[in-house]
Amino acid sequence: MMELYLDLHSQPCRSVFLFAKAVGIPFEFKLVELSAGHQYSEEFGKINIMRKVPVMKDGSFVLTESVAILKYMLQKHSSSVADHWYPADLQQRACVNEYLSWQHMNLRAQGSKVFLLRALFPVIMGSEVPKEKMDAAVQDLNQSLQMLEDKFLQNKPFIVGDKISLADLVAIVEIMQPVATGLDLFEGRPKLTTWRERVKKAIGEKLFAEAHEVIMKVGSLPQKMENNSNLELLKPKFQKLFS
Amino acid sequence: MQGVCSAAAAMAVELYLDLLSQPCRSVLIFAKKNNIPHEVKQVSLMDGEQHREDFGKVSLIRKVPALQDGDFCLAESPAILLYLARKFKTPDHWYPADLQQCARIDEYLSWQHCAIRLHGSKVFWLKLMIPEVLHVEVPKEKMDAAVEELNGSLKLLEEKFLQDRPFIAGDHISLADLVAIVEVMQPVAAGLDVFGGRPKLSAWRDRVQAAIGKELFDEVHQTVMGSQERVKVMDGSKLEFSKAKILKFFM
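Treat the numbers as computed from the prediction; the structure is a model and nothing was measured. (Residues numbered from 1 in each chain as written. Chains lettered and ligands numbered in written order. Predicted model: local features only at pLDDT ≥ 70, side-chain atom pairs only at ≥ 80, totals over all residues. Heavy atoms only, no water.)

A. Fine view of the overall build of chain B. Within chain B one finds twelve helices and four strands. Taking 251 residues into account, the globule formula puts the C-alpha radius of gyration at 18 Å, and chain B, at 18 Å, falls close to it. Along the first, second and third principal axes, the C-alpha set of chain B runs to 50 × 45 × 30 Å. Residues counted as buried form 56% of the 251 residues belonging to chain B. Summarising the internal contacts of chain B: among those between residues at least 6 apart in sequence, 73% fall at separations of at least 24. Carbon and sulfur atoms make up 51% of the accessible area of chain B, which amounts to about 10800 Å² in all. Side-chain charges in chain B split into 31 positive and 34 negative, and the spacing between the mean points of these groups amounts to 2 Å. (Helix = DSSP H or I, 4+ residues; strand = E, 2+ residues; numbered from the N terminus. Rg over C-alpha atoms; globule rule 2.2 N^0.38 Å. Buried < 20%, exposed > 50% of the residue type's maximum accessible area, 1.4 Å probe, protein only. Contact = heavy atoms within 4.5 Å. Areas by Shrake-Rupley, 256 points an atom, 1.4 Å probe, with all protein chains shown as cover. Lys, Arg positive; Asp, Glu negative; His and termini not counted. Charge placed at Lys NZ, Arg CZ, Asp CG, Glu CD.)

The following block contains the structure:
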């Protein structure tokens, strides 16, 4: 059976988890607890030299990068996965790919940064986040959300037309990351709010909640990390990001 | 670069490009190599042409490359490359039908955004453009840190994505190698010796250049490879409008 190495605190892990479950692809969930430093174990290093999640292992074939994993699962199970996830239509498919490419250095990067600043900066750096740093990060995130609304959604129900696709899935899990720290990004954004509800419905409300259960409890993350010896390993990486 | 004959003009895609930009180069190389009818529309980033009203109608994201095919507009080089490959039915090796080979390419195209692309761009800006065009001094530790990050990405390119294969997905060049090579060339154009002491990477570069065609490769890289000379005579007011944004992003 296909193995998925996941920690649902991670956005790309959630998109992979949600997709597999939503379309009924069987898999074995292998937990890699990031806050406990499991990604630094010798065992996990053999699975993925880059020590990141998600990772997919299908027999002897190991694959990283959520976008690649999603497309692989989709292609492998193409006879049972509905077309709308990654349409065969040339232009629609191109629009999905356009979003999947753009999001790396935009919504994903900025959403992650705001999440890390709000959830982890104090415990890693031992002080509160400087206001201008936080304001700048939130401003960048808002710009990406504006682009999502103005260019990718426009007046459509989903990013690519009438039905949910990989683009919406990848978008929603990234937005939920800073939202989980208590930042209401949907306030004052009715278009984004109705899109979110459509996406949740298309995935399944219960499944969506299940995938987001751990991240919504992110308030307890600092304590978990403070008690763990691997914090020292994580500090230099975060310090670089926060400087 | 222009020169589309009138018979093909009707079916030619419009490519909005500035060859200083890495993803513009991968798109142009792909179009030329596969004889895809295209018309190049120059968008000079140094002159801020991406902010023109007419370009905004092609791409709200206001970045290059951008493609226009009839009424259909598309941004993001991986999306453009995949679109062109499908529409013009290019040879299988560029994006194979084989599940695992295709996955290897998708994996690379995803990883590279926040790795080689980001780190190579950063070195290009910190080493050349910021000091020479914006006349802002770059602290040594920042430069050293940027080169160290790039080295980390190059190491992963060699050890994880290439390993002992001739190309990223196996025996033949694919979109992954094309996207990789244009990014690796960016810090080279800024004067960093990327290939020195890296025989595996150099051998891969030679294979990629041979597969593309050295003449085509050099032609498309001519503009960026002239960067070190060009900045000496460049008008100091260039990029002033983007200065704050550039410094915020790279410094």
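B. Region of the structure containing the pattern of salt bridges. All names here are of chain B. As enumerated under the stated definition, the model contains 27 salt bridges over all chains in all. Of the charged contacts in the structure, one is a salt bridge between Glu159 and Lys155, with a shortest N-O distance of 3.7 Å. Of this pair, Glu159 and Lys155 are both found in helix 7 (residues 140–162), four residues apart, which corresponds to roughly one turn of the helix. Given a relative accessible area of 47%, Lys155 falls into the partly exposed group. (Salt bridge = Lys/Arg side-chain N within 4 Å of Asp/Glu carboxyl O.)

C. Inspection of the interface of chain B and chain A at higher detail. Each side of the interface is counted separately: chain B has 33 residues, and chain A has 33 residues. In total, about 2900 Å² of surface goes out of reach between chain B and chain A, with carbon and sulfur atoms giving 66% of it. Looking only at chain B, the three residues that lose the most surface to chain A are Ile61, Arg86 and Leu99 of chain B, adding up to 19% of its buried area. At the junction of chain B and chain A, the tally comes to eleven residue pairs in polar contact (both at pLDDT 80 or more). Of all the elements in the fold, those that place two or more residues in the side of chain B that touches chain A are strand 4 (72–75), helix 4 (77–87), helix 5 (99–111), helix 7 and helix 12 (243–250) of chain B. (Buried area = accessible area lost by both parts, 1.4 Å probe. Polar contact = N/O pair within 3.5 Å; in protein donor to acceptor, adjacent residues only side chain to side chain.)

D. View of the layout of surface pockets. By volume, the second largest pocket amounts to about 530 Å³. Forming the boundary of the second largest pocket are 27 residues, of which Gln75, Tyr86 and Arg93 of chain A together with Arg86 and Tyr95 of chain B lie nearest the centre. Taken together, the residues of the lining of the second largest pocket break down into 17 nonpolar, four polar and six charged. (1 Å grid on protein atoms, 1.4 Å probe; cavity = no way out; pocket = protein on both sides within 12 Å on 5 of 7 lines; lining within 4 Å. Points joined across faces, edges and corners; volume = space filled by probe spheres on them. Nonpolar A, V, L, I, M, F, W, Y, C, P; charged D, E, K, R; others polar.)

E. Seen up close, empty space enclosed by the protein. Scanning all chains against the criterion turns up one cavity of 30 Å³ or more. The space that makes up the largest cavity amounts to roughly 130 Å³. If you go around the largest cavity, you meet 13 residues; those closest to its centre are Val67, Lys71 and Leu100 of chain A together with Pro78 and Leu109 of chain B. Elements represented by at least two residues in the lining of the largest cavity include exactly helix 3 (66–76) and helix 4 (90–102) of chain A together with helix 4 and helix 5 of chain B. When the residues that make up the lining of the largest cavity are grouped by side-chain class, the tally is six nonpolar, five polar and two charged.

F. Inspection of the sheet that holds strand 4 of chain B at higher detail. Residue and element names in this part refer to chain B. An order of 2-1-3-4 is seen for the four strands of this open sheet, with the pairing classed as mixed. Lying at the two open borders of the sheet, with one neighbouring strand each, are strand 2 (38–42) and strand 4. The average angle at which neighbouring strand axes cross in this sheet is 20°, direction not considered. Sheet topology places strand 3 (residues 66–69) next to strand 4; four bridges connect them, and they run antiparallel. Within the sheet, the bridge partner assigned to Gln68 lies in strand 4 and is Cys73. Sitting on the sheet, helix 4 touches strand 1 (13–17), strand 3 and strand 4, and the angle it makes with strand 4 is about 130°. (Pairing = 2+ DSSP bridges. Axes fitted to C-alpha atoms, helices over the stretch in contact; angles between N-to-C directions.)

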